[in-house]
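So the chains spell out like this:
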Amino acid sequence: LDTVTAPTLLVIAERDEFVPPANSEPLAHLLGSGDIEVLRVPGGHAGALMGSAARRMTLPGVADWLRRHSQPGDV
């Protein structure tokens, strides 16, 4: 994992039953990227992408991260 140097956004759902936060949080320290952000969202695995938390936090957070990590003209 330390060879992964690309900017990385980790989305961690606080009540994720498939990938518990205790399993995903260590990734931030294992990746080789100097640009790692963690977006913590309420809810479970599916709720983070489809529930009200997705509309309020996950999707806007991911869109903001992509906007800040994109160059003009990127598709």
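Preceding block: the structure.
In short, a report on the structure. Just so we're clear, the structure is a prediction, and the values are computed from it rather than from any experiment. (Residues numbered from 1 in each chain as written. Predicted model: local features only at pLDDT ≥ 70, side-chain atom pairs only at ≥ 80, totals over all residues. Heavy atoms only, no water.)

A look at the side chain of Ser 24
We count it as follows: Every helix listed is a DSSP run of H or I at least four residues long, and every strand listed is a run of E at least two residues long, numbered separately from the N terminus. Whether two residues are in contact is decided by their heavy atoms, any of which lying within 4.5 Å being enough.
Structurally, Ser 24 is set in helix 1 (residues 21-24). In this structure, Ser 24 is in contact with Leu 10, Ile 12 and Val 19, ignoring residues within four places of it in sequence.

Points about the pattern of salt bridges
We count it as follows: Take a side-chain nitrogen of Lys or Arg and a carboxyl oxygen of Asp or Glu: if they are within 4 Å of each other, that pair is a salt bridge. Using a 1.4 Å probe on the protein chains alone, a residue whose accessible area is under 20% of its type maximum counts as buried, one over 50% counts as exposed, and one in between counts as partly exposed.
Scanning the entire structure with this criterion turns up 4 salt bridges. Arg 67 serves as the salt-bridge partner of Asp 64, at 3.7 Å between the closest nitrogen and oxygen. Taken together, the positions of Asp 64 and Arg 67, both in helix 4 (residues 52-68) and 3 residues apart, correspond to about one turn of that helix. With a relative accessible area of 58%, Arg 67 lands in the exposed category. In this structure, Arg 68 engages Asp 64 in a salt bridge whose closest nitrogen and oxygen atoms are separated by 2.9 Å. Highlighted residues: Arg 68 and Asp 64, both in helix 4, separated by 4 residues, approximately one helical turn.

Focus on the layout of surface pockets
Leftover empty space is mapped by rolling, across the atoms, a probe with the size of a water molecule. For clarity, the threshold we go by: Grid spacing is 1 Å over the protein atoms alone, the probe is 1.4 Å, and a cavity is where that probe fits but cannot get out, while a pocket is an open set with protein on both sides within 12 Å along at least five of seven lines and lining residues have an atom within 4 Å of a point. Grid points are joined across faces, edges and corners, and a volume is the space filled by probe spheres set on the points. Here the term charged refers only to Asp, Glu, Lys and Arg, the term nonpolar to Ala, Val, Leu, Ile, Met, Phe, Trp, Tyr, Cys and Pro, and the term polar to all other amino acids, Gly among them.
Estimates place the volume of the largest pocket at around 160 Å³. Taken together, Val 11, Ile 12, Ala 13, Asp 16, Val 19, Ser 24, His 45, Ala 48 and Leu 49 make up the full set of residues lining the largest pocket. Taken together, the elements giving at least two residues each to the lining of the largest pocket come down to strand 1 (8-13) and helix 3 (47-50). Class assignment of the residues belonging to the lining of the largest pocket gives a composition of 6 nonpolar, 2 polar and 1 charged.

Examining the environment of Asp 35
Operational definition: Pairs of N or O atoms within 3.5 Å make up the polar contacts considered here, provided that, within protein, one atom can donate a hydrogen while the other can accept it, and that residues adjacent in sequence are counted only when both atoms are side-chain atoms.
Among the structural elements, Asp 35 can be located in the loop between helix 2 (27-30) and strand 2 (36-41). Residue Asp 35 is classed as partly exposed on the basis of its relative accessible area, which comes to 27%. Along the chain, Asp 35 and Thr 8 lie 27 residues apart, while their C-alpha atoms are 6.3 Å from each other. Setting aside residues no more than four positions away along its own chain, Asp 35 makes contact with Ala 6, Pro 7, Thr 8 and His 69. At 2.8 Å, the side chain of Asp 35 forms a polar contact with the side chain of His 69.

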